[in-house]
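Residue-level listing of the chains:
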Amino acid sequence: MAARAAGEKANPACLDGCRLHGLSLRMRKILLLISAGLLPACSPLPVPGKAPLTGSATEARAILDRSARMTGDPWKSYRTVQVSYDGDWSLIAKQVQPVLVDAAFRKSSVEIYQPAGSRIRQTHTGPGGTKEVLRTPTSIAVRYNGVKNTDPDADAAAALVADAYRIFLFGPSYLKTRAEGLGKISPVKIGGERCDGIQGSLRPGFGPSPGDSFIAWIGQDSGVMRRFQFSLEGLESTRGADVEVTFSGHWQAPDGTIWPRFYNERIVRPIPARAHLWKLVSLKSSR
């Protein structure tokens, strides 16, 4: 969606209808200040976990399984996967969620995923230097320029990011191993393809969250996940919000596995806004 033209007034009904009360006072103030000139009207997208179901858990599970097979089931197939990313954050994202975005360190990254142990090692770089993250199923360790982090909010944000990026990269191949409470919702068209909507939950959720809801939009013909929309209950400042990441430019590796190359993240609620554009620069894997 395009930003508002200069001087265009925000829709007061939008602010009332977007559940601002569920966010931190700081985030609410920032959103109210910037909405008048920069943000579009409320998004009509469904709320994860609350969209009316049109199909059963069995049907939804079958779609996830089919998608995993069609993309080579990379979470099941590999011992390690190393990727590098590069991207840019919007000004709004930096202002609204400075701890989660961590823009001084998260410009580019090299990330190593070990599916068997569900371990993630990320090395982020940016104008502030280097941020190292080690995420395991039971722990998070963060270092800034070689110094161990002592801020619990920064640890929580790093854990949330690592957990989410695992789904962004591996899609239904990973999602099918964790998702529960599944059901189908009405399909939509994304990137020129009709996509089935799979609604479900993850428990635990992203980072320290006890649980998060999601909607995965999966192409009926291609089998790839075109979009992933999810709640952000892991941080006090993001509770009540949800975001979506749209995937495009899918690339087929020589071994037949399929990976998204371009990622477009948007804030859906409380107020729609651009957040983050990034791309896959390289990928190495070992079975």
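Position labels on residues start from 1 in each chain and follow its written sequence. Given that this is a predicted model, residues contribute local features only at a pLDDT of at least 70 and side-chain atom pairs are listed and counted only at 80 or more, while totals for whole chains, interfaces and linings are drawn from all residues. Here the side-chain values reflect all heavy atoms present in the structure, with hydrogen atoms and water set aside.

A.B. asks: What is the right way to read helix α3 (residues 57–70) from this model?
C.D. replies: Residues three or four positions apart in an α-helix share a direction because the helix packs 3.6 residues into each turn. Helical segments are the DSSP runs of H or I of at least four residues, strand segments are the runs of E of at least two, and each set is numbered from the N terminus. For a helix, the expected span equals 1.5 Å multiplied by the number of residues minus one. Under the 1.5 Å per step criterion, the end-to-end length of α3 is 20 Å for 14 residues, consistent within 8% with the ideal 20 Å. Relative accessible area decides the class of each residue, using a 1.4 Å probe on protein chains only: under 20% of the type maximum gives buried, over 50% gives exposed, and in between gives partly exposed. Of the positions making up α3, those classed as buried are Ala60, Ile63, Leu64, Ser67 and Ala68. Seen from one end, α3 has its buried residues packed into an arc of 135°, which puts them on one side. Residues of α3 that are exposed and point more than 90 degrees away from the buried face comprise Thr58 and Arg69. Contacts made by the buried residues of α3 are with α8 (172–178), β7 (180–190), β8 (193–202), β9 (212–219) and β10 (225–231). A positive backbone phi angle near 90° is found at Gly72, which sits one or two residues after α3. What the arc measures is the spread of directions leading from the helix axis to the C-beta atoms. Throughout, a contact is declared for two residues whenever any of their heavy atoms are within 4.5 Å.

A.B. asks: Would you mind going over the side chain of Ser109 with me for this structure?
C.D. replies: Structurally, Ser109 can be placed in strand β2 (residues 108–114). A residue is classified by how much of its surface remains accessible, and Ser109, at 7% relative accessible area, is buried. Within the structure, the side chain of Ser109 is placed 2.9 Å from the side chain of Glu111, a separation counted as a polar contact. Residue contacts for Ser109: discarding those within four places in its chain leaves Val83, Ser84, Tyr85, Thr123 and His124. Counting of polar contacts relies on pairs of N or O atoms within 3.5 Å, with two restrictions inside protein: one atom must be capable of donating a hydrogen and the other of accepting it, and residues adjacent in sequence are counted only when both atoms are side-chain atoms.

A.B. asks: Where do I start with the confidence of the model for the protein chain in this structure?
C.D. replies: Parts of the prediction with low pLDDT should not have their coordinates interpreted in detail. pLDDT: the predictor's confidence for each residue, scored from 0 to 100. Taken as a whole, the protein chain shows an average pLDDT of 88; of its residues, 85% reach a score of 70 or greater. Confidence over residues 1–23 falls short of pLDDT 50; this stretch has 45 contacts with residues more than four positions distant or in other chains. Taken as a whole, residues 32–43 scores under 50 in pLDDT and shows 38 contacts with residues more than four places along the chain or in a different chain.

A.B. asks: What should I look at first to understand the nonpolar core in this one?
C.D. replies: Note that soluble globular proteins tend to have their nonpolar side chains buried in a common cluster. Buried Ala, Val, Leu, Ile, Met, Phe, Trp, Tyr and Cys residues that are joined via side-chain atoms within 4.5 Å together make up what is termed a nonpolar core. Grouped together as the largest cluster of nonpolar side chains are 54 residues, with contacts concentrated most on Phe168 and Phe228. Per element, the largest residue contribution to this core is 11 residues, and it comes from helix α7 (residues 152–170). Excluding residues within four positions of it along the chain, Phe228 makes contact with Ile167, Phe168, Leu175, Phe206, Phe214, Ile215, Ala216, Val243, Glu244, Val245 and Phe247.

A.B. asks: Would you take a moment to explain α7 for this structure?
C.D. replies: Over its 19 residues, α7 runs 28 Å from end to end, which matches the ideal 27 Å to within 8%, given 1.5 Å per residue. Within α7, 17 of the 19 residues are buried, which leaves it mostly tucked inside the rest of the structure. At the N-terminal boundary of α7, the capping side chain belongs to Asp151, with an oxygen 3.0 Å from the backbone nitrogen of Asp153. Two residues or fewer after α7 comes Gly171, characterised by a positive phi angle close to 60°.

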